[in-house]
Amino acid sequence: MKSLALLLPCLLATFTLAHQQHSVRRPFSHHARALGIKPTGATNGTTAAGTVAHRAAQPNGTNSATPLDSPASSKNGTPSTPKVSGNGTSLRGSSGSNTTLNTTTTTTSSTTAGIVPVTSPTGATWPNPKPISGDGGWTAAFAKANAFVAKLTIDEKVNLTTGVDTIGRCLSNTGRVTRLNFDGFCFEDSPAGVRDTDYNSVFPSAMNVAATWDKNLMLERGAAMGAEFRGKGVNVALGPMMNLARNAAAGRNWEGGGADPFLSGVHASQNIQGIQSQGVIACAKHYALNEQEHFRGGGGKEAYSSNVDDRTFHEDQLWPFAESVKAGVGSVMCAYNRVNQTSACENRHLLNDILKEELDFQGFVLSDATAIISLYASVMNGADVNMLGFVAYGDPDEGNPATANNSYWGLQLGDAVRNGTIPESRFDDMVTRLMAAYYQFGQDKGFPAVNFDYATEETSVNGTIVNEHVNVQGDHYKLIREIGAASTILLKNTNKTLPMDFGKVKNLAILGSDAGPNPDGPNSCKDRGCDRGTLALGWGSGTANFPYLVTPYEAIQTYVHGKQPDTIIQSVFDDFDYAAVDQTASQADTCMVFANANSGEGYITVDTNAGDRNVSVEHPSDISSFYFDNQERSGFDESNLTLWHGGDDLILITASQCANTIVVLHTVGAVLVEPWYDHPNVTAIVYAGLPGQESGNALLDVLIGTVNPSGRLPYTIAKNRSDYPSGILYTVSDTSSDYIPQIDYTEKLNIDYRHFDSANIEPRYEFGFGMSYTNFSYSGLSVKMLATASSLASDQGTTQPGGITSLYADAVTVSFTVKNTGAYDGNEVAQLYLGFPASAHEPPRVLRGFERQLIKKGQSAKFSISLRVKDRYINLGHPKSGLGHS
Ligand code: BGC
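Just so you know, these numbers come straight off a predicted model, no measurement behind them.

Definitions and cut-offs
Residues numbered from 1 in each chain as written. Predicted model: local features only at pLDDT ≥ 70, side-chain atom pairs only at ≥ 80, totals over all residues. Heavy atoms only, no water. Buried < 20%, exposed > 50% of the residue type's maximum accessible area, 1.4 Å probe, protein only. Helix = DSSP H or I, 4+ residues; strand = E, 2+ residues; numbered from the N terminus. Pairing = 2+ DSSP bridges. Disulfide = S-S within 2.5 Å. Polar contact = N/O pair within 3.5 Å; in protein donor to acceptor, adjacent residues only side chain to side chain. Contact = heavy atoms within 4.5 Å. Near = heavy atom within 4 Å. Areas by Shrake-Rupley, 256 points an atom, 1.4 Å probe, with all protein chains shown as cover. Nonpolar A, V, L, I, M, F, W, Y, C, P; charged D, E, K, R; others polar. Axes fitted to C-alpha atoms, helices over the stretch in contact; angles between N-to-C directions. Left-handed = near helix turned anticlockwise from the far one by under 90°.

Re the pairing of strand E13 (residues 331-334)
For step 1, the next point in the chain: Alternating positions in E13 separate into two faces, Ser 331 and Met 333 on one and Val 332 and Cys 334 on the other, with burial throughout.
For step 2, the next point in the chain: Sheet topology note: the strand E11 (residues 281-287)/E13 ladder contains 3 bridges and is parallel. Across the sheet, the residue bridging to Cys 283 is Ser 331, located in E13.
For step 3, the next point in the chain: Where E13 meets strand E16 (residues 364-367), 4 bridges bridge the pair, whose relative direction is parallel. Its bridge partner being in E16, Ser 331 is matched across the sheet by Phe 364.

Have a look at this one:
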């Protein structure tokens, strides 16, 4: 049976246009609030809604929730790399259990590199994962790759598929094929700019560009980043990151496109198209369900298992990856964690059944750094390239993967091919997929050589030049400033406080360390692993070195002084010097108080926050019983979502003295604003996210009205921490070393706003919310159904990269007119939410379209949002997933 029958159309869908930039917050019902819903013809023209009939649903399988289980589990007899120990090294098998079914274990004598985990599977063998086919415009690249691979020896193929350890100029490199003058591949982070080098830009975070809801800005940012990666000689840019902000406190949320699958999918697709337009291969990461830092694993460390049902996976977490494959992404990074008990990099269901078969992915699967912890299970279940190539950090002694015996692949991969354990056809497909991506993006023609060294800032080492200091910034600072301003979200603006006429300000107080510089410089903490000075990026591998960082204080002071030199501008950067704050605020007629909240990747701990934002210790009584309903989940605690450095107190003290207090926040995601958001003296709240190197300038543009704010929240800001549908697993009751922490996606489809909506919880600021300096009214909604039902039926489930071809056909066009009725030109972000009939068992509303347009004051603009077939279907399953598979 083809997948076609598994697609369940909605019988009756309600389209809701949400527009969420009211100039005054009004109390209206949660549904209306969360989704901006107003009945058609609402007096202020906020939204318009329409009801559209769809073709009949398929009778079966509407809401089944089959566990997404991998046939690679050792329960099923999969050969796996068993636990091997010696020399203090402990390696884990593929299944998460310590059973070693159908395997034999050989522990060889240790070398200087440590343990050599040689395994030779016996018993059942696995069929090859689906090889590259050349679909979707990859034919020529596939042919060139085939021709190249045909010339290679086994050792040369090993060199291209196994990383060279930490040796090499990029953070990860494959080996070379010296005989053919092929230099191998350079893999380098990050989703915010080229990491580990200089003369590069630091872009606003992905979370910020998602907050613009502007597809062009997402594309332009990708293209600018791609140009920088290319200029540095990077073949594969390790981004975008597209794990969803499922947990408000998850450390790496800011690296991705927010909490909604559709928004995140648009961001991923645009970013990839931008990066790859420059001939750089993008990498969709981390596949899949890598949505918290605690217990994430890596290098053989115990990794949690994210457990999800197939429908949730397809409709939520897989969505951005599917959009990435549709966008033609050249590589996908398999994650550290397990999915339904099986390591993501050994998970046949994820890598083969879904990615290579269902989504018809043509590129290569690259492992996260040291995420590969087996030979046979990873190779035969679908991993193609092993980054960084070695067993674990700490033994970097082997620059030639074909002879590397400190790798799960390397030498033993070559041996396994030579002795027939791994079929040469599979091995060839691994290299062919890698080389096809190389040709697909034209890297065989004039691609620059690597010109930096990730490990050192020195120009030369032992007389060899390792850093050419190539300046790749171009004029990207302009785009960075534009995105910074476009992503700024105005949450409160009483009495038209903003935009501000600084000409009327006599005494300005700028308060909080987040307004000023890190006293040691913006790059003083490795991988930005601290929280000093203004926050413009989180920490971890998702960062890059700042060329400079314009602080808010610097930008505001320069502007105000230039305009009116006798204005008093006083600052207090010590967050805890309450006497100085009190004194300064009491003298001022206008106060700007800055605060932040930070997070990052788990290999760095900042102020006891191990990647994810901390467990709350201050308010244990707030811990919701919701998280204790199940002993297995007793480690789910409530995250501390409050501002850092006593930000709440800083704001309250300022507001107690200053009748015009403007709060500016730089945060990695949602923070709780309850203690002060409705304080009468808090006249404006500006949510600036992580804006990158032009932070202060971008903020200034919004404050003074050069840019009318149009940023919209890419996640929900709750009133209480316990209002969110899931939490971080911080601790586990079973502390034995081989216990696998379990994370169940019990919220199913109800991620973020969908949970607030279905549980009828009123948020403080809803997903999609953000204000403008002007007002907009909506009219003339028209919904046009396109003739796609027949095309869906007629293609019989043929696939292209991205999945079944007809899923991507246009299905519905929704058009309407928006008028700017206020006093400022401004961008409006129209959001289209789809409501399914009750029988579909969907959340009340799901985002399925948006469009941002600049509308001059007094003028109107036509908006037109297209929904694809895919956007109005549920259960986007696959025959092999089990859904309706009968
Ligand atoms: C991260 C990846 C990153 C890689 C290389 C890993 O720890 O999870 O996102 O690309 O390191 O730095």
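Observations regarding the state of the cysteines
For step 1, the next point in the chain: Taken as a whole and assessed by the stated rule, the structure comprises 4 disulfides.
For step 2, the next point in the chain: Disulfide pairing places Cys 334 opposite Cys 345 at an S-S distance of 2.1 Å. Handedness here is read from the sign of the S-S torsion; for Cys 334 and Cys 345, about 100 degrees, the answer is right-handed. Residue Cys 334 is located in strand E13, and its partner Cys 345 is located in the loop between strand E15 (342-343) and helix H9 (348-358); the two are separated by 11 residues in the primary sequence. A single burial state applies to Cys 334 and to Cys 345, both of which are buried.
For step 3, the next point in the chain: The thiol of Cys 283 is unpaired, and the distance to the nearest cysteine sulfur, on Cys 334, comes to 9.1 Å.
For step 4, the next point in the chain: According to the relative accessible area criterion, Cys 283 is buried, its value standing at 0%.

Notes on the side chain of Ser 513
For step 1, the next point in the chain: On the secondary structure map, Ser 513 appears in the loop between strand E20 (507-511) and helix H14 (552-563).
For step 2, the next point in the chain: Using a relative accessible area of 13% as the deciding quantity, one classes Ser 513 as buried.
For step 3, the next point in the chain: A distance of 2.5 Å separates a polar atom in the side chain of Ser 513 from a polar atom in the side chain of Asp 575.
For step 4, the next point in the chain: With near-sequence residues (within four places) excluded, Ser 513 lies in contact with Gly 533, Thr 534, Phe 573, Asp 575 and His 645.

Description of the side chain of Thr 497
For step 1, the next point in the chain: Structurally, Thr 497 is set in the loop between strand E19 (489-493) and E20.
For step 2, the next point in the chain: Side-chain polar atoms of Thr 497 contact the backbone oxygen of Thr 494, separated by 2.6 Å.
For step 3, the next point in the chain: Every residue in contact with Thr 497, bar those within four places of it in the chain, is listed here: Asn 660, Ile 662, Thr 683 and Ala 684.

Quick notes on the site of the ligand
For step 1, the next point in the chain: For the ligand, the set of nearby residues contains 13 residues, the closest of which are Asp 189, Arg 252, His 286, Asp 368 and Glu 601.
For step 2, the next point in the chain: The contact in question runs from an oxygen atom of the ligand to an N or O atom on the side chain of His 286, over 2.7 Å.
For step 3, the next point in the chain: Contact distances for the ligand include 3.2 Å between an oxygen atom and a side-chain N or O atom of Arg 296.
For step 4, the next point in the chain: For the ligand, the accessible surface in isolation is 310 Å², of which the surrounding protein chains cover 95%.
For step 5, the next point in the chain: Partitioned by chemical class, the residues of the shell around the ligand number 4 nonpolar, 2 polar and 7 charged.

As for the packing of helix H5 (residues 215-231) against helix H6 (residues 261-277)
For step 1, the next point in the chain: Between H5 and H6, the least distance of the axes is 6 Å, while the angle of their chain directions is 40 degrees. In the packing of H5 onto H6, the handedness of the crossing is right-handed. Here Lys 215, Met 218, Leu 219, Arg 221, Gly 222, Ala 223, Met 225 and Gly 226 of H5 come into contact with H6, specifically with Leu 263, Val 266, His 267, Gln 270, Asn 271, Gln 273, Gly 274, Ile 275 and Ser 277.
For step 2, the next point in the chain: Across the contact of H5 with H6, the residue classes tally to 7 nonpolar, 8 polar and 2 charged.

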